[in-house]
Amino acid sequence: MRMVFDDQLNDYICQGDVIPWSVCDVLPREDFSLVVLFSDGTWRECDCKPLLQRAPYKELSSWEVFSRARALHGTVDWGNDIDVAPEYLYDHGI
């Protein structure tokens, strides 16, 4: 584990070994799925429609909100304290 300065956060963070299911990039699709690039080099597509039925994800049922998905600190984040566990995306992706 090592400390590195994160310009985005303007603070120091801890960095350790690369976790295989850490999110590196994400592309939201209009069918409410995400195409996700993981740190192990794999791309997986995950259908997020089942998540949209549960709090706090109901807010994402609007394309305007869902399309704001971004890779941030190893997961997919939409802001407003809404993110999804990267291991969920990895396990449910095809």
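Residue numbers here run from 1 along each chain, matching the order of that chain's written sequence. Only residues with pLDDT of 70 or above have their local features reported here, since the model is predicted, and side-chain atom pairs are shown and tallied only from 80 upward, although totals for entire chains, interfaces and linings are computed over all residues. To obtain the side-chain values, all non-hydrogen atoms of the structure were used and water was disregarded.

**Observations concerning the state of the cysteines**
We call a pair of cysteine sulfur atoms a disulfide whenever their separation is within 2.5 Å. Tallying each qualifying case throughout the model produces 0 disulfides. Unpaired in this structure, C48 has its nearest cysteine sulfur neighbour in C46, at a distance of 4.7 Å.

**Looking at the environment of V36**
Structurally, the position occupied by V36 is in strand β4 (residues 33–38). The exposure class assigned to V36 is buried, which follows from its relative accessible area of 1%. Separated by 11 residues in the primary sequence, V36 and D25 place their C-alpha atoms 5.9 Å from one another. Every residue pair with non-hydrogen atoms within 4.5 Å of one another is taken to be in contact. Setting aside residues up to four positions removed in sequence, V36 forms contacts with V23, D25, V26, T42, W43, R44 and L89. Numbering of helices and strands runs from the N terminus; a helix is a DSSP stretch of H or I covering at least four residues, while a strand is a stretch of E covering at least two. Three exposure classes are used, based on accessible area relative to the maximum for each residue type with a 1.4 Å probe and protein chains only: buried under 20%, partly exposed in between, and exposed over 50%.

**With respect to the pattern of salt bridges**
For this analysis, a salt bridge means a side-chain nitrogen from Lys or Arg found within 4 Å of a carboxyl oxygen belonging to Asp or Glu. As enumerated under the stated definition, the model contains 4 salt bridges in all. Residue E45 pairs with R29 through a salt bridge whose shortest N-O separation is 3.2 Å. With E45 in strand β5 (residues 43–47) and R29 in strand β3 (residues 23–29), this residue pair connects regions lying 16 residues apart in the sequence. Accessibility expressed as a relative area gives 27% for E45, which makes it partly exposed. Judged by relative accessible area, R29 falls into the partly exposed class, the value being 36%. Linking E64 and R68 is a salt bridge whose minimum nitrogen-to-oxygen distance equals 3.4 Å. For R68, a relative accessible area of 44% translates into the label partly exposed.

By themselves, these observations are geometric and do not establish any function.
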